[in-house]
Amino acid sequence: DVKVTQSSRYLVKRTGEKVFLECVQDMDHENMFWYRQDPGLGLRLIYFSYDVKMKEKGDIPEGYSVSREKKERFSLILESASTNQTSMYLCASSILGGLNQPQHFGDGTRLSIL
Amino acid sequence: AQSVTQLDSHVSVSEGTPVLLRCNYSSSYSPSLFWYVQHPNKGLQLLLKYTSAATLVKGINGFEAEFKKSETSFHLTKPSAHMSDAAEYFCVVSDQGTYKYIFGTGTRLKVLA
């Protein structure tokens, strides 16, 4: 079974801090994704990556950056955290092969910015 | 551009009765469609997927969905609800143009004893 592991289930940070969210997958998947989930809005794509050191902006990249130095690890960075970034963050991975491949999700990180 | 609409934000059913969660999509291409389930404080788990093979797709835990191109629908059904089915369900369509997955806003299923 594919396992996508997010390093923290719950995280509390202060406004202005630099925040790192880590995600690791164990199935050698090429594609990795970061979403945020807010009530009534579903999942919104922040960034995705289809290879090491490659990244593409999603629908809401402002205030975020990502890093993919190794195939199995995809990090989301909040450069200067703000209260409107309080949310549930979900990481996902999928194999290369087009959009007919399903995504595999981690359990999420619930981030609160005070 | 592709889009997906989940027609009900909340659905309540009694245990043992049928479940119907509705999803309509728009797509300029031949779409891939997915249903995921999310239990509280967990990530999303794949229930089933449609990728242009059989129009009736069977998934895990007794769920199935039917792809109807003429109605642009991909509704999720289960003959008999179980208490453990209480969760949030997401319909997802793939966007071949932008290479992204488009998520619906979710349907929260409540199962009454």
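Rules of the game
Along each chain, residue indices are assigned from 1 in the same order as the chain's sequence is written. Think of it this way: whatever chain is written first is A, whatever ligand is written first is 1, and the rest follow in order. In keeping with the model being predicted, local features are shown solely for residues with a pLDDT of at least 70 and side-chain atom pairs are shown and tallied solely at 80 or more, while totals for entire chains, interfaces and linings include all residues. Calculation of side-chain values draws on the structure's entire complement of heavy atoms; hydrogens and water are dropped beforehand. Note: two strands are recorded as paired if DSSP finds a minimum of 2 bridges between them. Per the convention used, a helix needs a DSSP run of H or I reaching at least four residues, while a strand needs a run of E reaching at least two, with both numbered from the N terminus. Every axis corresponds to a line fitted to the C-alpha atoms, with the helix fit spanning only the stretch in contact, and the corresponding angles, defined between N-to-C directions, vary from 0 to 180 degrees. Here, two residues are considered to be in contact whenever any of their heavy atoms come within 4.5 Å of each other. Pairing of aromatic rings covers Phe, Tyr and Trp, the last counted by its six-membered ring, and requires centre-to-centre distances within 6.5 Å; plane angles under 30 degrees mean stacked, over 60 mean edge-to-face, and any other angle means tilted. Three labels apply to residues, based on accessible area from a 1.4 Å probe with only protein chains included: buried if under 20% of the type maximum, exposed if over 50%, partly exposed otherwise in between. Side-chain atoms within 4.5 Å link the members of a nonpolar core, which is a set of buried Ala, Val, Leu, Ile, Met, Phe, Trp, Tyr and Cys residues. In protein, a polar contact means a hydrogen-donor-capable atom and an acceptor-capable atom, both N or O and within 3.5 Å, with residues adjacent in sequence counting only if both atoms are side-chain atoms; elsewhere, any N or O pair within 3.5 Å suffices. What counts as a salt bridge is simple: a side-chain nitrogen of Lys or Arg found within 4 Å of a carboxyl oxygen of Asp or Glu.

Before going further, it helps to spend a moment on the sheet that holds strand E7 (residues 64-70) of chain A. Strands in a sheet are paired, the pairing made by backbone hydrogen bonds, and the direction either parallel or antiparallel. Residue and element names in this part refer to chain A. Judged by pairing direction, the sheet is antiparallel, and its four strands sit side by side in the order E1-E3-E8-E7 without closing on themselves. Looking at the sheet topology across the chains shown, the edges are occupied by strand E1 (4-6) and E7. Averaged over all adjacent pairs, the angle separating strand axes in this sheet is 20°, with direction ignored. One ladder, built from three bridges, connects E1 with strand E3 (residues 19-25); its direction is antiparallel.

This next bit is on the side chain of Ser32 of chain B. Here Ser32 of chain B lies in the loop between strand E4 (23-26) and strand E5 (33-38). The residues contacting Ser32 of chain B, other than those within four sequence positions of it, are Leu99 and Asn100 of chain A together with Tyr50, Thr51, Val92, Val93 and Ser94 of chain B.

The next subject is the packing of aromatic side chains. Evaluation of the coordinates by the stated rule reveals 15 aromatic pairs over all chains. Judged by centre distance (5.6 Å) and plane angle (85°), the rings of Phe105 of chain A and Tyr36 of chain B are edge-to-face. Here Tyr36 of chain B lies in strand E5 and Phe105 of chain A lies in strand E10 (residues 104-105), a pairing that spans two chains. A single burial state applies to Phe105 of chain A and to Tyr36 of chain B, both of which are buried. Residues Tyr50 of chain B and Phe74 of chain B carry aromatic rings whose centres are separated by 6.3 Å and whose planes lie at 50° to one another, so their mutual orientation is tilted. Of this pair, Tyr50 of chain B sits in strand E6 (residues 44-50) while Phe74 of chain B is found in strand E9 (residues 73-78), placing the two residues 24 residues apart along the sequence. Residue classification places Tyr50 of chain B among the buried positions, given a relative accessible area of 6%. Three or more aromatic residues link up through ring pairs in this structure, and these residues are Phe33, Tyr35, Phe48 and Phe105 of chain A together with Phe34, Tyr36, Tyr101 and Phe103 of chain B.

Moving on, we come to the pairing of E7 of chain A. Residue and element names in this part refer to chain A. As defined by bridge partners, E7 adjoins strand E8 (residues 73-78) across five bridges and the pair is classed as antiparallel. By the bridge assignment for E8, Ser65 is matched with Ile77. The hairpin turn running from E7 into E8, its antiparallel successor, is two residues long.

All names here are of chain A. In terms of burial, E8 is a largely internal element, five of the six residues being buried. Bridge count for E3 against E8 is six bridges, and the pairing is antiparallel. In the strand pairing of E8, Val19 is matched with Leu78.

A few words now on the nonpolar core. Counting 27 residues, the largest nonpolar core has Trp35, Leu76 and Tyr89 of chain B as its most contacted members. When residues in this core are grouped by element, the largest group, four residues, is from strand E10 (residues 87-95) of chain B. Of all hydrophobic cores here, the second largest spans 20 residues; its members include Leu11, Leu76, Leu111 and Ile113 of chain A.

Moving on to the side chain of Ser75 of chain A. All names here are of chain A. Structurally, Ser75 is set in strand E8. A distance of 2.5 Å separates a polar atom in the side chain of Ser75 from a polar atom in the side chain of Glu22. Non-local contacts of Ser75, meaning those with residues more than four positions away in its chain, are made with Leu21, Glu22, Trp34, Ser65, Val66 and Ser67.

Taken as a whole, this structure holds 13 salt bridges over all chains when the rule is applied. One salt bridge connects Lys100 of chain B with Asp59 of chain A, and the closest N-O pair in it is separated by 3.0 Å. Of this pair, Lys100 of chain B sits in strand E11 (residues 100-103) while Asp59 of chain A sits in the loop between strand E6 (56-57) and E7, placing the two residues on different chains. For Asp59 of chain A, a relative accessible area of 48% translates into the label partly exposed. Each of Asp28, Glu30 and Lys71 of chain A takes part in one network of salt bridges that share partners.

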